[in-house]
Amino acid sequence: MNSTRRLVVANGPNLNLLGTREPEIYGRTTLAEIQAMVDARAAELGWSVSFFQTNHEGELIDRLQREGPGALGIVINPAAFTHYSYALMDCLRAIRVPIVEVHISNLFARAGAFRQQSVTAPAAAGIISGLGPHGYLLAMEYLNAVDE
Ligand code: DQA
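Residues numbered from 1 in each chain as written. Predicted model: local features only at pLDDT ≥ 70, side-chain atom pairs only at ≥ 80, totals over all residues. Heavy atoms only, no water.

**A word on the overall build of the protein**
Item 1. Within the protein, the regular secondary structure consists of five helices and five strands.
Item 2. Going from the N terminus to the C terminus, the protein shows its helices and strands as β-α-α-β-α-β-α-β-β-α.
Item 3. Scaling as 2.2 N^0.38, a compact globule of 148 residues should have a C-alpha radius of gyration of about 15 Å, and the protein matches this with 14 Å.
Item 4. C-alpha atoms of the protein, sized along the principal axes, occupy 45 × 30 × 25 Å.
Item 5. Burial statistics for the protein: of 148 residues in total, 50% are counted as buried.
Item 6. Accessible area of the protein: about 6900 Å², with a carbon and sulfur share of 52%.
Item 7. Charged side chains in the protein number 11 positive and 14 negative. The centres of these two groups are separated by 2 Å. (Helix = DSSP H or I, 4+ residues; strand = E, 2+ residues; numbered from the N terminus. Rg over C-alpha atoms; globule rule 2.2 N^0.38 Å. Buried < 20%, exposed > 50% of the residue type's maximum accessible area, 1.4 Å probe, protein only. Areas by Shrake-Rupley, 256 points an atom, 1.4 Å probe, with all protein chains shown as cover. Lys, Arg positive; Asp, Glu negative; His and termini not counted. Charge placed at Lys NZ, Arg CZ, Asp CG, Glu CD.)

Next comes the structure, spelled out in structure tokens:
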């Protein structure tokens, strides 16, 4: 068992608008509701959670640098940074904890060729895409399974 028992859940730009943003693509669940789902499961697992969202690439990197090391794992929805942020990819590669990349929508079923590329995914253990808010919980189950 990891002695830290701390999970980081990071959310990138525009995810603060979940619930009203393009509901036909992202559904109607708000980020606050996702946080409540994550918190409830974390409580069952005995984990503390640092759950945050930012629209700013540098702030996302600052927080991950600060909070990632020593965490039992990171669940990250990098949002649009997924598709072009080599700075975020480098940051994730530098943090030696298990990382799961989550997307609410199925990137591979979306219009726009750029969405089918993730520059950050190579830094993750794996990626969950298209399972809506459940993706966050499934990522936690993976991290629980590999937690040492
Ligand atoms: C997203 C998919 C990204 O392409 C998009 O830029 C987002 C959200 C998702 O959760 O489906 O902002 O990461």
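**Structural notes on the site of the ligand**
Item 1. Neighbouring the ligand are Arg21, Tyr26, Asn77, Ala79, Ala80, His83, His103, Ile104, Ser105, Leu107 and Arg115.
Item 2. Residue alanine 80 places a main-chain N or O atom 3.2 Å away from an oxygen atom belonging to the ligand.
Item 3. In the complex, the protein chains occlude 99% of the 330 Å² of accessible area that the ligand would expose alone.
Item 4. Mapping the ligand onto the cavity grids shows that it belongs to the largest pocket.
Item 5. Classifying every residue of the shell around the ligand by side-chain character gives five nonpolar, four polar and two charged. (Near = heavy atom within 4 Å. Polar contact = N/O pair within 3.5 Å; in protein donor to acceptor, adjacent residues only side chain to side chain. 1 Å grid on protein atoms, 1.4 Å probe; cavity = no way out; pocket = protein on both sides within 12 Å on 5 of 7 lines; lining within 4 Å. Sits in = over half its atoms within 2 Å of the grid points. Nonpolar A, V, L, I, M, F, W, Y, C, P; charged D, E, K, R; others polar.)

**Remarks on helix α4 (residues 86-94)**
Item 1. Those residues of α4 that fall on the buried side of the exposure criterion are Leu88, Met89, Cys91 and Leu92. With its buried residues spanning 160° around the axis, α4 presents them on a single face. Residues of α4 that are exposed and point over 90 degrees away from its buried face: Tyr86 and Ala94.
Item 2. Residues of α4 that are buried make contact with α3 (57-67), β3 (73-77) and β4 (99-103). (Arc of directions from axis to C-beta. Contact = heavy atoms within 4.5 Å.)

**Overview of the environment of arginine 41**
Item 1. Structurally, arginine 41 can be placed in helix α2 (residues 31-45).
Item 2. Exposure remark for arginine 41: the relative accessible area of 22% places this residue in the partly exposed category.
Item 3. When neighbours within four sequence positions are excluded, arginine 41 is seen to be in contact with Leu137, Met140 and Glu141.
Item 4. At 2.7 Å, the side chain of arginine 41 and the side chain of glutamate 44 are in polar contact.

**Re unusual backbone geometry**
Item 1. Residue glutamate 22 is not a glycine yet carries a positive backbone phi of 35°.
Item 2. Residue placement: glutamate 22 occurs in the loop between β1 (6-11) and α1 (23-26).
Item 3. The backbone phi angle of alanine 79 is positive, close to 55°, even though this residue is not glycine.

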